[in-house]
Amino acid sequence: MLDQTEGYTTEDGRKIGGVVMEMRNITLRFGGVEAIKDISFDIREGEIRAIIGPNGAGKSSMLNVISGFYVPQEGQVFYKGAPRPPMKPYQVAQQGIARTFQNIALFEGMSVLDNVMTGRLTHMKTGLFSQSFWLGKAEKEETENREVAEKIIDFLEIQAIRKTPVSRLPYGLKKRVELARALAAEPSLLLLDEPMAGMNVEEKEDMSRFILDVNDEFGTTIALIEHDMGVVMDLSDRVVVMDYGKKIGDGTPSEVRGNQAVIDAYLGVAHD
Amino acid sequence: MPEQLAFTIEVFLNGLMAGVLYALVALGFVLIYKASGIFNFAQGVMALFAAMTLYGIMNGQVPFAHLINAIFGTEIHYFGWNVPALAAILLTIGVMILLAWMVQRFIFRYLVGQEPIILFMATIGLAYFLEGVGDLMWGSDIKTLDVGLPQGINETIDETTFGWFGYGFFIDNLDIVASIVAIILVAALVMFAQYTKQGRAMRAVADDHQAALSVGVSLNFIWILVWSLAGFVALVAGIMWGAKSGVQFSLSLIALKALPVLMLGGFTSIPGAIVGGLIIGVGEKLFEFLIGAPYLGGATENWFAYMLALLFLVFRPQGLFGEKIIERV
Ligand SMILES: Nc1ncnc2c1ncn2[C@@H]1O[C@H](COP(=O)(O)OP(=O)(O)OP(=O)(O)O)[C@@H](O)[C@H]1O
Ligand SMILES: [Mg+2]
């Protein structure tokens, strides 16, 4: 069993730390629809945590609760050990939680580099006044932020398009730019909503490699939603399975794959 | 006929100067519209209100004096001091920032996600409210605003052009100053948007609200910021217009002239607002001079801008620089 404080060691020998994010008894309703029903789970430092489930299971809703876009009616979110009061999405972002969206939300009118630079906004400290007059401190800060952005652009191999307006990019590259922007925030928790949806096999392989590299090189904790079971099995350390707003499984990929409820959900066995 | 040419050039230059003012007002519209999708009908009244406030502060007027006197039976009107122009301008900027905060806090906070037409109606309400409050605070008499800008014919230009054409151009010093101030203002705004944290955040909000939130930008803060900037631009326009034609109700009507400017320039383009303003300014003056006065009985300046805007609506509805309008089916 998992230890609350000490973590565990993965099959491939990586050390996973304590709980970063804990969702406790979360219930989320839209009018009469219960999108999330009394779900609890945690995300641990350094791990890749997958959330899977059929269409409409409530996966994106869960990610939206974590990132503050949705406010649950019941339950409590714990971040870094402390209960988190209800927060606006921008406040969650300022706490070091970055995300991407299922339907890509990029700044279409900006270049790739400018998009990635907006990911640095939470790290820009210098005030309105000194920035307006471009004093030394602001300039130094700008240079540092630019360096981080360029490093991430190199890392994700998008140097060639760094000055291209995002609106001109194909879908697969847009997904990658969105990841770059999220990474630029140097988040302590990275949330990815279907990072590989709509990609071809080759693009999926690239994206999988990037996700693993990010986790490996920066030690970033990642929670991701993915439909492709093969990808999930390859990438993730632990998996939460949702169906009709309920949690029906939680464990390592092999544990989850053997779970009868999960098999039923994916084969579409009738609910009672 | 060199004389005719000289006249035309003079009219052209004067048109440019008038256009600068239109551009300034249009700029205020674009700032707010880009960031929040609100078409701010109150932009013109904001210019009037800013100019009235500046005048009131400079002359040591007691705000709401009329109201206070009516309630308490007193007879106070002035504090008895004068505030130097620069200090008064800074104080007025403070008032416009406070106004921006109140507009966001008491109106648009409750209208997030509403239809554009509802947001627009709210700004109509705001326009009338602000007009009333302005009158109540500072009185509705016509005021001559003088912040010490140079006025009158520019002698150098007069003499130089006389040497060239045998006819001296009449260019008002005030118009020259207005143009320089407008250029500096626009350059500063562009620098601000490009290179500062808040400017970057502002562009982010203008592009995509959801994405902006996800990178840690508070929409509320940015909306207060753009209303403040629009208030500041309104103040500048108010000072220029007030120095030219006095601070009075007609000042708020320059907003109506900004409308055709926006249709030309596009509602989301800052360069568009500037170029559109200049085209309308020059266009209406030249049209009046070359065609209107000789053939149409004059007074074409009243409608020329709207006719041009109509043509644009028919043939290029997104304006000169606006993003292409694509209907999503
Ligand atoms: N903003 C919203 N307003 C109303 N209902 C919503 C909203 N967001 C989600 N829902 C509903 O909540 C349920 C779960 O939706 P959600 O998007 O979380 O599913 P999902 O697991 O991400 O599905 P998919 O795999 O298709 O992305 C659905 O019934 C959906 O219609
Ligand atoms: Mg989803």
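Bear in mind that the values here come from a model prediction, so they are computed numbers and not experimental data.

Enquirer: Would you take a moment to explain the overall build of chain B for this structure?
Expert: Looking only at helices and strands, chain B features 13 helices and 0 strands. Listing every helix and strand of chain B by position from the N terminus yields α-α-α-α-α-α-α-α-α-α-α-α-α. Against the 2.2 N^0.38 benchmark of 20 Å for 329 residues, chain B shows a C-alpha radius of gyration of 21 Å, consistent with a compact globule. Seen through its principal axes, chain B has C-alpha atoms that stretch 65 × 60 × 40 Å. Taken over 329 residues, chain B has a buried fraction of 51%. Taking as baseline every contact in chain B between residues at least 6 positions apart, the subset at least 24 positions apart corresponds to 70%. By element, 70% of the accessible surface of chain B is carried by carbon and sulfur atoms, the whole surface being about 15,600 Å². Charged side chains of chain B number 13 positive and 20 negative; the gap between the two group centres comes to 17 Å.

Enquirer: Would you mind showing me how to read the coordination of the magnesium ion (ligand 2) here?
Expert: Four donors placed tetrahedrally around a metal ideally meet at 109.5 degrees, and six donors placed octahedrally ideally meet at 90 or 180 degrees. Taken together, A:S60 (OG) and A:Q102 (OE1) make up the full set of protein donors to the magnesium ion (ligand 2), lying 1.9 to 2.1 Å away. Remark: A:Q102 occurs in the loop between β8 (97-99) and α3 (112-118) and A:S60 occurs in helix α1 (residues 59-66); sequence separation between them is 42 residues.

Enquirer: What exactly am I supposed to notice about the site of ligand 1 here?
Expert: Residue and element names in this part refer to chain A. Within the structure, ligand 1 sits among 13 residues, and G56, K59, S60, S61 and Q102 are positioned closest to it. Between S61 and ligand 1, the recorded distance is 2.6 Å, taken from a side-chain N or O atom to an oxygen atom. Between Q102 and ligand 1, the recorded distance is 2.8 Å, taken from a side-chain N or O atom to an oxygen atom. Taking 630 Å² as the accessible area of ligand 1 by itself, protein coverage stands at 64%.

Enquirer: Could you clarify how one ought to interpret the pairing of strand β11 (residues 238-243) of chain A in this entry?
Expert: Residue and element names in this part refer to chain A. Summarising burial for β11: 6 of the 6 residues are buried, a large majority. Residues R238, V240 and M242 point to one face of β11 and V239, V241 and D243 to the other, with burial holding for every one of them. Across 4 bridges, strand β5 (residues 48-52) lies against β11 in parallel orientation. Bridge pairing in β11 places I51 opposite V240. Bridge count for β11 against strand β12 (residues 246-251) is 5 bridges, and the pairing is antiparallel. Bridging across to β12, M242 finds its partner in K247. Taken together, β11 and the strand that follows it, β12, pair antiparallel across an intervening segment of 2 residues, in which Y244 is found at a positive phi of about 45°.

Enquirer: What should I look at first to understand the environment of B:R203 in this one?
Expert: With respect to the helices and strands, B:R203 occurs in helix α8 (residues 197-207). Taking the C-alpha atoms as reference, B:R203 lies 8.6 Å from B:K34; in sequence the two are 169 residues apart. Setting aside anything within four residues of it in sequence, one finds B:R203 in contact with A:M110, A:D114, B:A193 and B:Q194. One polar contact links the side chain of B:R203 to the main-chain carbonyl oxygen of B:A193, over a distance of 2.9 Å.

Enquirer: Honestly, helix α11 (residues 254-265) of chain B in this entry has me stumped. Any pointers?
Expert: The periodicity of an α-helix, 3.6 residues per turn, causes residues three or four places apart in sequence to face the same way. Residue and element names in this part refer to chain B. Here α11 contains 12 residues, and its C-alpha end-to-end distance of 16 Å stays within 8% of the 16 Å for a straight helix at 1.5 Å per residue. Counting buried positions along α11 gives 9 out of 12 residues, so the element sits mostly inside the fold. Lining the buried residues of α11 we find α1 (2-36), α2 (43-58), α10 (219-245), α12 (270-295) and α13 (304-315). Directly after α11, the chain includes G266, whose backbone phi takes a positive value near 90°.

Enquirer: Whenever I open this one, the pairing of strand β3 (residues 19-30) of chain A confuses me. Can you help?
Expert: Along any regular strand, the residues point their side chains to alternate faces of the sheet. Residue and element names in this part refer to chain A. Pairing analysis gives 8 bridges linking β3 to strand β4 (residues 33-44), with the strands arranged antiparallel. Residue V19 lies in a different strand from β4, and its bridge partner there is R44. Counting the residues between successive antiparallel strands, the hairpin from β3 to β4 contains 2 residues, one of them, G31, with a positive phi of roughly 55°. Bridging between β3 and strand β6 (residues 74-79) involves 5 bridges; their strand directions are antiparallel. Looking at the pairing, T27 lines up with E74 of β6.

Enquirer: Could you clarify how one ought to interpret the packing of α8(B) against α10(B) in this entry?
Expert: Two packed helices can be described by the angle between their axes and the distance between those axes. Residue and element names in this part refer to chain B. Direction vectors running N to C along α8 and α10 enclose 105°, while the axes themselves pass 10 Å from each other. Between α8 and α10, the crossing angle belongs to the class labelled roughly perpendicular. Mapping the contact onto sequence places Q198, A201, M202 and V205 in α8 and L219, F221, I222, W223, L225, V226 and L229 in α10. Looking at side-chain class alone, the contact of α8 with α10 contains 10 nonpolar, 1 polar and no charged residues.

Enquirer: I would appreciate a short explanation of the packing of aromatic side chains in the present structure.
Expert: What describes a pair of aromatic rings is the distance from one ring centre to the other and the angle between the planes of the rings. All names here are of chain B. Overall, the coordinates contain 18 aromatic pairs over all chains when judged by the stated rule. Measuring from ring centre to ring centre gives 5.7 Å for Y33 and F267, while their planes differ by 55°; the resulting arrangement is tilted. Of this pair, Y33 sits in helix α1 while F267 sits in the loop between α11 and α12; the two residues are 234 residues apart in sequence, bridging distant segments of the chain. On the accessibility criterion, Y33 (29% relative accessible area) is partly exposed. Taking relative accessible area as the criterion, F267 reaches 28% and is therefore assigned partly exposed. Ring geometry for F108 against W227: centres 5.6 Å apart, planes inclined by 25°, an arrangement best described as stacked.

Calculation criteria
- Residues numbered from 1 in each chain as written.
- Chains lettered and ligands numbered in written order.
- Predicted model: local features only at pLDDT ≥ 70, side-chain atom pairs only at ≥ 80, totals over all residues.
- Heavy atoms only, no water.
- Helix = DSSP H or I, 4+ residues; strand = E, 2+ residues; numbered from the N terminus.
- Rg over C-alpha atoms; globule rule 2.2 N^0.38 Å.
- Buried < 20%, exposed > 50% of the residue type's maximum accessible area, 1.4 Å probe, protein only.
- Contact = heavy atoms within 4.5 Å.
- Areas by Shrake-Rupley, 256 points an atom, 1.4 Å probe, with all protein chains shown as cover.
- Lys, Arg positive; Asp, Glu negative; His and termini not counted.
- Charge placed at Lys NZ, Arg CZ, Asp CG, Glu CD.
- Donors = N, O, S within 2.8 Å, 3.2 Å for Na, K, Ca; no water.
- Near = heavy atom within 4 Å.
- Polar contact = N/O pair within 3.5 Å; in protein donor to acceptor, adjacent residues only side chain to side chain.
- Pairing = 2+ DSSP bridges.
- Expected span 1.5 Å × (residues − 1).
- Axes fitted to C-alpha atoms, helices over the stretch in contact; angles between N-to-C directions.
- Parallel < 35°, antiparallel > 145°, perpendicular 65-115°, else oblique.
- Nonpolar A, V, L, I, M, F, W, Y, C, P; charged D, E, K, R; others polar.
- Phe/Tyr/Trp six-rings, centres within 6.5 Å; stacked < 30°, edge-to-face > 60°.

These values are about where atoms sit, not about what they do.
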